[in-house]
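Fold and geometry: a report
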Amino acid sequence: MAGMTRHRFQQRSHDLRKSEVGEVTTQDSKFQKNRLRFNLLHWLIILCLDSFIVYYVHRLQTKYPAPLDHNGDNKGRFIETSARSYLEGITKFGPRPVGSHENEVLTVEYLLNTISEIQQKANIVHKIEVDSRRTSGSFYLDFIGGFTNVYNNINNVMVRFSPRIGARDSLLINCHYDTLINVTAHNAFRYGLKEYGSKVDQLCLDLFYWVKQSPCKQEDFLEVLQEMELEEKYFIRHVQSQWLTLGPVTVRVIKHYAAVCDYFSKHLLSKEHEKNDNYCRICACLKDKNTITKLKFVASLANIFPPFLKLFQTEGPGLHILHDECCSLVRRVFGRYLKADILNKKIKRYLFSYLPIDVDILKHLEILHPLMQHQHGTTKRLKKFIAAVPDVLTDIEVDSVLEEWMVYTHEDIHENWYLKEQATDKTTYHRVAHYWNNVFQLRNSSGQPKFMKLQKFIPYLLTLSHGNADVERSLSHNKNMLTSASDDAVSCALMLEVLRVVASEDKSFRNEIIFLFNGGEESILQASHAFITQHPWTENIRAFINLEAAGAGGREILFQAGPDNPWLIQLYADHVPHPFATIVGQEVFQSGIIPSETDFRIFRDYGGLPGLDIAYISNGYVYHTQHDTIDMIPPGCIQRGGDNLLALARGFGNSPLLSDPGQYKHGKLVFFDLLGLKMIVYPHNVGKIINLITVAAALIGIGKKITGPHTGFIEKKYIQHLGKATGILLISWIVTILVICMIGFLTDLIGQPMSWFTNTWLLIGLYAAPAGLVMLFINEAAKFILFDGFPVWEVESLFFDANLTVFSLLLAILTLRDISSAVMILVFVLFPLLIRDRITHIYNPHQFFCIHLLSTVIPFTIFIYSMLTALCLFIPMMGRTGSNVIPDMFIGVIVAVAVVLAMSYHDGSVSVERLEYYENNKCGVVHKNGTWSLKSTYPYYYYQHIERTFHDHTGYVYKHDSGIFHIPFDRNSIHVLKPYVPELRDVVQNDCRGPYCGWPYFFPAAFLFKETYYISSSAPKLTPHADLKRVKVTEINEKMQRWHFDVTGPNYVMVFLSPRPGVDVVKWSVGDGNTHPTQLPPGAQQPQYFIYYSYGLTPDKPWSFWIDVQINGTDETRHGLLEIALGAHYLTVDGSKKSTPELENYIGSFPDWALPLAWPATYESWSF
């Protein structure tokens, strides 16, 4: 394989090495100086090359097109500003879980009104049909642990866009507008204290828990109080989210302040206390002379608020007085510290514009107050309010409401309707709802209600939130509203804008496009199943595009396509201007490594359709959190996604392949984008041929070395030495990965898992550097032992061939196993083979080294591009994969594989540079490719305020408790929170008893969690009560019965079934009729069955189902045949988000970087 030039160079290098050994030894000092200079130079060159590649790839991944607006000649173009306005329209409603008023009514109305506007402006050549319907059904889904999904009244909004002359074939484009639920914490006072620089709230908490920790401390402190003749009362617990509790708490601390100073300065002198964080914080505060002043200031300020809060703790509507009372509160607060003239001149105007009370809607709602009836300008204020909420009334209704309001302002209404009691010192009023109910009773001369339209409009306003929590929220520094801008409101905004653009064009498409805005994806793919299995428009659908998100912003990736129908990928490649797709993503996602599913699966499995699955994956840390906001989507991201979606809509809309794919219906494609610039697409079978030809070429080249002339020192025993080099290489790979696994395991074992989650640069020191050092040490040690004294060039050539052999064999194995992702290994064989192994006339080490780097630049660039994408996806995902997964081992292996692949070819090439030392007193370097880091944040938790009740087969309640149920999705579990949340000191680990372990899991995912926790508390007060009734038992045969049940409860009810030994659940009325046991949670022995039930609007009758129970007649059934439990989740109740004071107090004590998703729930089990 090598020519005479290379042979001469090999011989020359070998002879030169022999002849100059003595000279090298005598000039060692000079050599070391030159060697250091040479090393630094080459390190600098390689570092610059690698840094440039990483920088270039990163820039390509974060480069977005310029966003367009309506200015200029942008007709027929996707406009980002327009799409952002749609996005704001959807997200303004806040969280939109299934069953909430925001999801079932407000968002639906917004979509329908927006589509109606587009419909009115559409070109006459297009036909636009709109449908919105609620559907019920059920299906089995082998996802997470496996469960049967039942839904009722789930809503979809659908638009069929077709040519006026009609079309036979349709493309479906799908998004979802629903979200998960979240609980907000009202923490304005905390933020204020933080800005103020005071640690008063922390001092109060530390004192409370210090005394509470042990009876001994309580007795000691009580003695100090007695000595100083102070009131013998302990400290009060301050709840950080309920900032009004700080008033009485600080008052108690002020009363005992002298005793506190005496206690900590004289009675606690042991040095053991110095290791206690609470003790250190308390002592630091007590040494500060300003602490008592700060306590008095906070106590004075906090005591202003209770009267205001008490006013809004009543059940009656208070929105009509909220603005005036908030303004009065601001005046009272600042009036204590500022002179009246200063406050009235400048500061009042500034405060009222800066604080969230300067809201026109609140000002306008004052007109609902009875005393405002005859005030001038109320009609104008009502008109402004209606304009601010355009989705409430139609244009026709607006005129009627204004006319009736003018009549109302001139109506003669007796003061007894609103005046309850009047005295010289106090006046009390009836609830405003009482007043308006009387107004609505007024009749005209014909006996009809005078205010028919107002009777519809005013109650809508009075039911707006006005209670305690909302008052606090209006004055809170609170942005914790889960709007799910990326998951998946942005996709809905893209679809609305694409619909607007194509509807305005003067040329119709060949095919129909159905836009599906589904209202139930987060409830586990319910709405897509409802549409694809029951809607009449599905008959003509031939393919679909599903739009999803697992992050916020960035580039949207095509990560799944098919099944079969390679024309889909080809159409994507031919039309999208900004491609981002990879076959690796498809095979990884479909392998089940990623614990997620999309509507793609429903359309594929239940609709039998091929399609494309496209999702945003950047910044996955904000996925399903309150940080997924519009601000997280950089300018240009929406433009990029919109350009691609519009291009796909036009491509599919005019493609004849939609109706007849022909020869393109079957088969599989290998696809990936080349740095986002160009799509590479070719048939899977062609890819197999390319892979195998490349493998054959590499092995033939190596075979020629075996059978060719042997002039080199190594080539005389080439097979033997190649086997040694290959063995060394494989051992170095395996040992490197095993060492990194061990490091990951030990990191987890010592209680420091995911230390890189918020500091991803630590991956370099934790995994990348050790992996590189281990691999380098093994290779160098093996070369020193097995190849000492061998010509340097031939050792390098031998290890290059060993790498080529290993990569070729790996490529062959993956190809023969039909793994299309083998293309990632192909580049590590093809380019070194074409560039490096073809060049035989280079004998200058510098020139050779440059050629070697050139042969690895393309594989390294493609590799870095893929690895950055993988880390961008997987690192944030580790925060929500459950506590049973060891993320340090998983991420460590990814980094180790990256280092192994990046270093393999370069290790041997360093030896050639060392040869230069013998010629010019210079030495080469070890080329180790760098790694990278990404930004990160936030751990992930689920919390439920629960009440549990267990019945035996006689109906007797043998167990009842209540508390906070903790489900940590993070490997760190709750341990990372314990220093910040004192309540967690009382936490206990949960046991497993009863159906599905006796806990109200929202998903059948108990097996994912190493441990869950529980803190006892008072029971939540929840309605409607979840109830299960066995209404009928039918004998099928002597061993089988059919049990009929009715279930009532909130929007989300999980049914857990656990048969006793000797009893089988053989059939039921839900799903496909076949029972499917879910994966057993830890500690469970008997089969467990999981039914997920939810509804949108409240159904008019209970959910009914039956199960067939087969009894095998064992003694185990004497205490009951079957245990059934209901896990009722109160995410929403009657359309409104639900929480409890205990839950909000608890969540409010969490640090800002924690992401709790929380709601109330109940668990009740029966034995039948």
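Residues numbered from 1 in each chain as written. Predicted model: local features only at pLDDT ≥ 70, side-chain atom pairs only at ≥ 80, totals over all residues. Heavy atoms only, no water.

- Per an unreviewed UniProt entry, the recorded name for the protein is Peptidase M28 domain-containing protein, and the organism is Paralvinella palmiformis.
- Its UniProt record gives the protein the following Subcellular location (unreviewed entry) comment, quoted word for word: "Endoplasmic reticulum membrane". (UniProt positions renumbered as here; feature names shortened; annotations may be inferred.)

Concerning helix α32 (residues 823-836)
- Under the 1.5 Å per step criterion, the end-to-end length of α32 is 19 Å for 14 residues, consistent within 8% with the ideal 20 Å.
- Where burial is concerned, most of α32 is hidden: ten out of the 14 residues are buried.
- Along α32, the positions that sit buried rather than exposed are Val-823, Met-824, Ile-825, Leu-826, Val-827, Phe-828, Val-829, Pro-832, Leu-833 and Arg-836. (Helix = DSSP H or I, 4+ residues; strand = E, 2+ residues; numbered from the N terminus. Expected span 1.5 Å × (residues − 1). Buried < 20%, exposed > 50% of the residue type's maximum accessible area, 1.4 Å probe, protein only.)

Quick word on the packing of helix α29 (residues 718-749) against helix α30 (residues 762-786)
- In contact at an axis separation of 9 Å, α29 and α30 are set at 150 degrees when each is read in the N-to-C sense. By the angle between their directions, the pair α29 and α30 is classed as roughly antiparallel. At the point where α29 passes α30, the crossing takes the right-handed sense. Residue-level inspection shows Lys-724, Ile-728, Ile-731, Ser-732, Trp-733, Val-735, Thr-736, Val-739, Ile-740, Ile-743, Gly-744 and Thr-747 of α29 in contact with α30, the latter providing Leu-766, Tyr-767, Pro-770, Ala-771, Val-774, Met-775, Ile-778, Asn-779, Ala-782 and Leu-786. (Axes fitted to C-alpha atoms, helices over the stretch in contact; angles between N-to-C directions. Parallel < 35°, antiparallel > 145°, perpendicular 65-115°, else oblique. Left-handed = near helix turned anticlockwise from the far one by under 90°. Contact = heavy atoms within 4.5 Å.)

Here we look at the state of the cysteines
- For the structure shown, the criterion picks out two disulfides.
- One disulfide in the model links Cys-175 with Cys-492; its S-S distance is 2.5 Å. Negative torsions about the S-S bond denote left-handed disulfides, and the value of about 105 degrees found for Cys-175 with Cys-492 makes this one right-handed. With Cys-175 in strand β3 (residues 170-176) and Cys-492 in helix α22 (residues 485-504), the pair connects residues that are 317 residues apart, well separated along the chain.
- Given a relative accessible area of 0%, Cys-175 falls into the buried group. (Disulfide = S-S within 2.5 Å.)

Considerations on the confidence of the model for the protein
- Mean pLDDT for the protein: 80, with 82% of residues reaching 70 or above.
- The model gives residues 465-480 a pLDDT under 50, and that stretch makes 46 contacts with residues more than four places away or in other chains. (pLDDT = per-residue confidence, 0-100.)

A word on the side chain of Glu-411
- In this fold, Glu-411 is placed in the loop between α18 (395-409) and β4 (419-422).
- Overall, Glu-411 belongs to the buried group, its relative accessible area being 13%.
- A distance of 3.1 Å separates polar atoms of two side chains, one belonging to Glu-411 and the other to Lys-450.
- For Glu-411, the residues in contact, after removing those within four places along its chain, are Gln-373, His-374, Leu-442, Lys-450 and Phe-451. (Polar contact = N/O pair within 3.5 Å; in protein donor to acceptor, adjacent residues only side chain to side chain.)

Concerning the pattern of salt bridges
- This structure, assessed with the given rule, holds 21 salt bridges.
- Residues Arg-133 and Asp-131 are paired through a salt bridge, measuring 2.8 Å at the closest nitrogen-oxygen approach.
- Of the residues examined, Arg-133 reaches a relative accessible area of 34% and is grouped as partly exposed.
- Look at Asp-131 and you get buried, because its relative accessible area is 15%. (Salt bridge = Lys/Arg side-chain N within 4 Å of Asp/Glu carboxyl O.)

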